[in-house]
Amino acid sequence: MAYLELNNVYKTYGTDENATEVLSNINLSIEEGEFVAIVGFTGSGKTTLVNLINGLLEPTKGEVLFKGKPVEGTSHERGVIFQNYSLLPWLTVEQNVLMAVKEAFPKREKAVYKRKAAYYIDMVGLTPAINKLPKELSGGMRQRVAVARALSMKPDMIIMDEPLGALDALTRGTLQDQILNIWGKDKRTALLITNDVDEGIYMADRIIPLRPGPNATLGPEFKIDIERPRDKTAMNDNPNYKKTRNAIIEYLMDIGEERKSQVSEAFLLPDLAPKDFVNQFR
Amino acid sequence: MKQSVTLGKVTKFMGLGFLSTFKDLFTGKLEKEDYKAFLRKVIVPVASVLLFLGLWHLGAKALYNVEAEFRIEKALNEQGQAAADDMAACIASGDTSCQPNTLPSPSQVWTSFQSLLNDHALISADKAAFKEKTAALNEKRVAEGKDPIVYTGRPSFVDQIFRSLKTVFAGFFLALLIAVPLGIFIGLSPTLKSAFNWFIQIFKPVSPVVWYLLVFMIVKTLLIDSSEDSSFSISFIAVGLCSMWATLVNTSMGVSSVDKDYINVAKVLKLGNFQKVFKIILPSSLPLIFTGLKITLSVAWMVLIAIELLAQSPGLGLFVWEEFQNGANDSNAKIIVAMFVIGIIGFLLDRLMLSIQNWVSFEKTDAI
């Protein structure tokens, strides 16, 4: 039995005539200790899928099973790292993490909480900024706080919703390595939602494309047969990497084309040129 | 890491940033590029105050002349040339018995301000003397189980200011105690919101005068057996009820419009309802709650004058009304003094709230 299972999941927003089916017929199974990446276009329903898995949303049809039991509401067993960090701006880094620790491990001594929070903050390398407010941190640092907060609850599974989407390429790389390191330490199950194919190939065991919505559904999976630990530069010469990358991109391009051809109405652009203000005053 | 507290930081925190420019002026720290800022922040306000005083002076003079000419004309028409000459001489001599009674000039207001302060010094001395005189007697009366004798002389202008502040703060805290919890409940529950909405919409625009009358009807009956003066309780309750609406509306809006991300965090962390309210919803709506409280305090101060006047509760409002009824030679000047005092205290109260707001909430607000 798979660790996380989605069986024929449909999600519809609105009712009756206004109903939009965002996700249809989603089938997914993730084994324990696996790192799975779901790659998709923006607006294809990725966040909806994440919220179904972490329990913030309920499927309209079908079932989401976690460890064989249906998901009902959120749980400390599934840690979530949100796309926009979602740190509480009035709390310091430490207080943000402490809040999660206190909820996950009730009725401990204050010193225990402090030690736990300090451990996870240290893990993401933010000990010097422990007493800072989120607005005093850079985007990458904020996301690291979010990572520390999610990990501090010791979840069995980490769900990441485009966690590095808003970061620059360099910070991205460092954070990818940090997340992989942490994941490698105790091999928790991980689900990464991303729009970056390279990120998926670098981090995951399997990549599953999400076909664009409405009626988004999962495409065929791509196994990444590259040994860990992976090296970014060496990977570029790996024939396996090239093959998989090309296959995934080709697949995504194809569905992109498909989507374009589905647009029935063509909009004629007016034949206008911008007014030339520069030469006017010469 | 300790942050040093400097004058600049404190004044900026309180929304009084222009004070630090003054400090730079006197400590010679002004840089060349600061002169433009100096011109804008110091010279322009000072110039506008001077211009205001000048226009006021000229306007007061013109009104004075109109009034004086009218009096002379009237004397001429009713009593003949001799009486008119007498009147003109009397006005020119500055005799208080025949001065035209109109808008006082800035200098008259300043004189009245000083006389009010002198008056306060006199009354304070009188009070101290009274206390000293009755100290022994009061001790004896208390020992015998009787009430001590208290000073019952008239209050000075400064006493009235403090009395008004007491009323306004009592009203403000009443508004806070009613509006903040109620606002939180209304914001949390759509059912309560629809139950209270009509109530808020209808009572919000009601005039302070009507609130006073309503409170008067109720409190008068409640305190029917009490021999105590109910004017204070009536006025502060009316002030509170008038001014609480801004806080009520803002609190409920802040609570019901908490960022969805924060609510998701609460769900993912599985916070209980109590925790959710106190750790997520309240902190994130604090900026809006404080905006409401700021409006409430300024509204409370504004309606206070009207309500004190109606309730005959001692304070600045009653002071203004009594001076108006009094009609003495310097009454008008005293009313203008009260006007400025009311304005300045209102401004300081606003800054006080701004400081508290910056102190407690995570979003820093600059002064307007």
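Predicted, not measured: the structure shown is a model, and the values here were computed from it.

Definitions and limits used
- Residues numbered from 1 in each chain as written.
- Chains lettered and ligands numbered in written order.
- Predicted model: local features only at pLDDT ≥ 70, side-chain atom pairs only at ≥ 80, totals over all residues.
- Heavy atoms only, no water.
- Helix = DSSP H or I, 4+ residues; strand = E, 2+ residues; numbered from the N terminus.
- Buried < 20%, exposed > 50% of the residue type's maximum accessible area, 1.4 Å probe, protein only.
- Contact = heavy atoms within 4.5 Å.
- Areas by Shrake-Rupley, 256 points an atom, 1.4 Å probe, with all protein chains shown as cover.
- Domains from an automatic or database assignment.
- Buried area = accessible area lost by both parts, 1.4 Å probe.
- Phe/Tyr/Trp six-rings, centres within 6.5 Å; stacked < 30°, edge-to-face > 60°.
- Lys NZ or Arg CZ within 6 Å of the ring centre and 35° of its normal.
- Salt bridge = Lys/Arg side-chain N within 4 Å of Asp/Glu carboxyl O.
- Polar contact = N/O pair within 3.5 Å; in protein donor to acceptor, adjacent residues only side chain to side chain.
- Core = buried A, V, L, I, M, F, W, Y, C linked by side-chain atoms within 4.5 Å.
- Nonpolar A, V, L, I, M, F, W, Y, C, P; charged D, E, K, R; others polar.
- 1 Å grid on protein atoms, 1.4 Å probe; cavity = no way out; pocket = protein on both sides within 12 Å on 5 of 7 lines; lining within 4 Å.
- Points joined across faces, edges and corners; volume = space filled by probe spheres on them.
- Axes fitted to C-alpha atoms, helices over the stretch in contact; angles between N-to-C directions.
- Parallel < 35°, antiparallel > 145°, perpendicular 65-115°, else oblique.
- Pairing = 2+ DSSP bridges.
- UniProt positions renumbered as here; feature names shortened; annotations may be inferred.

A closer look at the overall build of chain A
Consideration 1: What chain A contains, in helices and strands, is nine helices and 10 strands.
Consideration 2: Considering only C-alpha atoms, chain A reaches an extent of 70 × 60 × 50 Å along its principal axes.
Consideration 3: Per-residue burial over chain A gives 50% buried out of 282 residues.
Consideration 4: If you take every contact in chain A between residues at least 6 apart in sequence, the share linking residues at least 24 apart comes to 69%.
Consideration 5: As displayed, chain A has an accessible area near 14600 Å², and 51% of this comes from carbon and sulfur atoms.

Some thoughts on the domain arrangement of chain B
Residue and element names in this part refer to chain B.
Consideration 1: The domain architecture assigned to chain B consists of domain 1 (31–100), domain 2 (104–154) and domain 3 (159–360).
Consideration 2: In this structure, domain 1 and domain 2 have C-alpha centres spaced 35 Å apart.
Consideration 3: Each partner contributes to the interface: domain 1 provides four residues, whereas domain 2 provides four residues.
Consideration 4: For the pair domain 1 and domain 2, the summed buried area comes to about 320 Å², and 78% of that belongs to carbon and sulfur atoms.

What to know about the packing of aromatic side chains
Both the distance between ring centres and the angle between the ring planes are used here to describe each pair of aromatic rings.
Consideration 1: As enumerated under the stated definition, the model contains 22 aromatic pairs over all chains in all.
Consideration 2: Aromatic pair Phe35 of chain A and Trp183 of chain A: ring centres 5.2 Å apart, planes at 75 degrees, arrangement edge-to-face. Highlighted residues: Phe35 of chain A in strand S3 (residues 35–40) and Trp183 of chain A in helix H5 (residues 169–186), separated in sequence by 148 residues.
Consideration 3: An angle of 40 degrees between the planes, with centres 4.8 Å apart, marks the rings of Phe274 of chain B and Phe278 of chain B as tilted. You can see Phe274 of chain B and its partner Phe278 of chain B sitting in helix H11 (residues 273–311), four residues apart, about one turn around the helix.
Consideration 4: Ring-pair connections join several aromatic residues into one group, and the members of that group are Phe196, Trp198, Phe199, Phe203, Trp211 and Trp245 of chain B.
Consideration 5: A cation over an aromatic ring shows up here: Lys61 of chain A above the ring of Tyr10 of chain A, its NZ or CZ 4.6 Å from the ring centre.

Thoughts on the domain arrangement of chain A
Residues and elements named next belong to chain A.
Consideration 1: What the domain assignment lists for chain A is domain 1 (4–77 + 155–280) and domain 2 (78–154).
Consideration 2: If you average the C-alpha positions of domain 1 and of domain 2, the two centres end up 25 Å apart.
Consideration 3: The interface is formed by 31 residues belonging to domain 1 together with 20 residues belonging to domain 2.
Consideration 4: The contact between domain 1 and domain 2 buries some 2100 Å² in all, and 59% of this surface belongs to carbon and sulfur atoms.
Consideration 5: When the area that domain 1 buries against domain 2 is broken down by residue, the three leading residues are His76, Pro155 and Ile182, summing to 26%.
Consideration 6: Where domain 1 meets domain 2, there are zero salt bridges.
Consideration 7: Applying the counting criterion to the domain 1 and domain 2 interface returns 10 residue pairs in polar contact (both at pLDDT 80 or more).
Consideration 8: Secondary structure elements with two or more residues in the side of domain 1 that touches domain 2: helix H1 (46–54), strand S7 (157–161) and H5.

Here's the deal with the nonpolar core
Consideration 1: With 125 residues, the main nonpolar core has Phe35, Met160, Ile201 and Ile207 of chain A together with Phe157, Trp301 and Leu316 of chain B as its most contacted residues.
Consideration 2: With 15 residues, H11 of chain B is the largest single contributor of residues to this core.
Consideration 3: When sequence neighbours within four positions are dropped, the list of residues in contact with Leu316 of chain B reads Phe157, Gln160, Ile161, Ser164, Trp301, Ile305, Glu308, Val341 and Ile342 of chain B.
Consideration 4: Counting residues in each nonpolar core, the second largest holds 26 residues, with Val22, Val36, Leu52 and Phe66 of chain A among its members.

Digging into the interface of chain B and chain A
Consideration 1: Opposite the 15 residues of chain B that make contact, chain A presents 18 residues.
Consideration 2: Buried surface at the junction of chain B and chain A, both sides included, amounts to about 1700 Å², of which 67% is carbon and sulfur.
Consideration 3: Linking chain B with chain A are zero salt bridges.
Consideration 4: Within the residue set of the side of chain B that touches chain A, elements represented by two or more residues are helix H10 (260–268) and H11 of chain B.
Consideration 5: Here the side of chain B that touches chain A takes six residues from H10 of chain B, the largest share from any one element.
Consideration 6: Looking at side-chain class alone, the side of chain B that touches chain A contains eight nonpolar, three polar and four charged residues.

A short note on empty space enclosed by the protein
Consideration 1: By the definition in use, this model includes two cavities of 30 Å³ or more.
Consideration 2: Of all the secondary structure elements, the ones that give two or more residues to the lining of the largest cavity are helix H4 (139–152) of chain A together with H10 of chain B.
Consideration 3: Residues that form the lining of the largest cavity fall into these classes: seven nonpolar, no polar and one charged.
Consideration 4: Volume-wise, the second largest cavity comes out at about 40 Å³.
Consideration 5: For the second largest cavity, the full set of lining residues is Ile81, Val147, Leu151, Ile158, Met160, Ile179 and Ile182 of chain A.

As for the packing of helix H5 (residues 106–143) of chain B against helix H13 (residues 331–360) of chain B
Residue and element names in this part refer to chain B.
Consideration 1: Across the interface, H5 lies against H13 with an axial gap of 8 Å and an inter-helix angle of 80 degrees. Considered as vectors, H5 and H13 are oriented roughly perpendicular to each other. Side by side, H5 and H13 meet where Gln108, Val109, Ser112, Phe113, Ser115 and Leu116 of the first sit next to Ala333, Lys334, Ile336 and Val337 of the second.
Consideration 2: Taken together, the residues that form the contact of H5 with H13 break down as six nonpolar, three polar and one charged.

Re the pairing of strand S2 (residues 20–30) of chain A
All names here are of chain A.
Consideration 1: Pairing analysis gives seven bridges linking strand S1 (residues 4–13) to S2, with the strands arranged antiparallel. Across the sheet, Lys11 pairs through a bridge with Leu23, a residue of S2.
Consideration 2: Between S1 and S2, which follow one another and run antiparallel, lie six residues, and Gly14 among them has a positive phi close to 80 degrees.

Some words on the sheet that holds strand S8 (residues 189–194) of chain A
Residues and elements named next belong to chain A.
Consideration 1: The strand order across the open sheet formed by six strands is S6-S7-S8-S3-S9-S10, and the pairing between neighbours is mixed. In this open sheet, the two edge strands, each paired with only one partner strand, are strand S6 (78–81) and strand S10 (222–223).
Consideration 2: On top of the sheet, H4 reaches S6 and S7; it is set at about 170 degrees to S6, its chief contact.

Things to note about unusual backbone geometry
Residues and elements named next belong to chain A.
Consideration 1: Phi is positive for Lys67, close to 50 degrees, though the residue is something other than glycine.
Consideration 2: Inspection of the secondary structure puts Lys67 in the loop between strand S4 (61–66) and strand S5 (69–70).
Consideration 3: With a phi angle near 50 degrees, Ser86 is a residue other than glycine that sits in the positive phi range.
Consideration 4: Secondary-structure assignment places Ser86 in the loop between S6 and helix H2 (93–104).
Consideration 5: With a relative accessible area of 3%, Ser86 lands in the buried category.

Observations regarding the UniProt feature "transmembrane region" (unreviewed entry) in chain B
Residues and elements named next belong to chain B.
Consideration 1: The UniProt entry lists residues 38–58, 168–188, 209–226, 232–250, 286–311 and 331–349 under the feature "transmembrane region" (unreviewed entry), expressed in the numbering used here.
Consideration 2: Structurally, residues 209–226 comprises 78% helix and 0% strand, and the distance from its first C-alpha atom to its last is 24 Å.
Consideration 3: Each end of residues 331–349 is marked by a C-alpha atom, and these two atoms are 27 Å apart; helix forms 100% of the span and strand 0%.

Structural notes on helix H12 (residues 316–326) of chain B
Residues and elements named next belong to chain B.
Consideration 1: Every buried residue of H12 is accounted for by Leu316, Gly317, Leu318, Phe319, Val320 and Glu323.
Consideration 2: Buried residues belonging to H12 abut H5, helix H6 (157–188), H11 and H13.
Consideration 3: Looking one or two places after H12, you find Gly327, whose phi comes out positive at around 65 degrees.

Focus on the side chain of Asn264 of chain B
Consideration 1: Structurally, Asn264 of chain B is set in helix H10.
Consideration 2: Excluding its chain neighbours within four sequence positions, the residues that come into contact with Asn264 of chain B are Leu56 and Phe82 of chain A.

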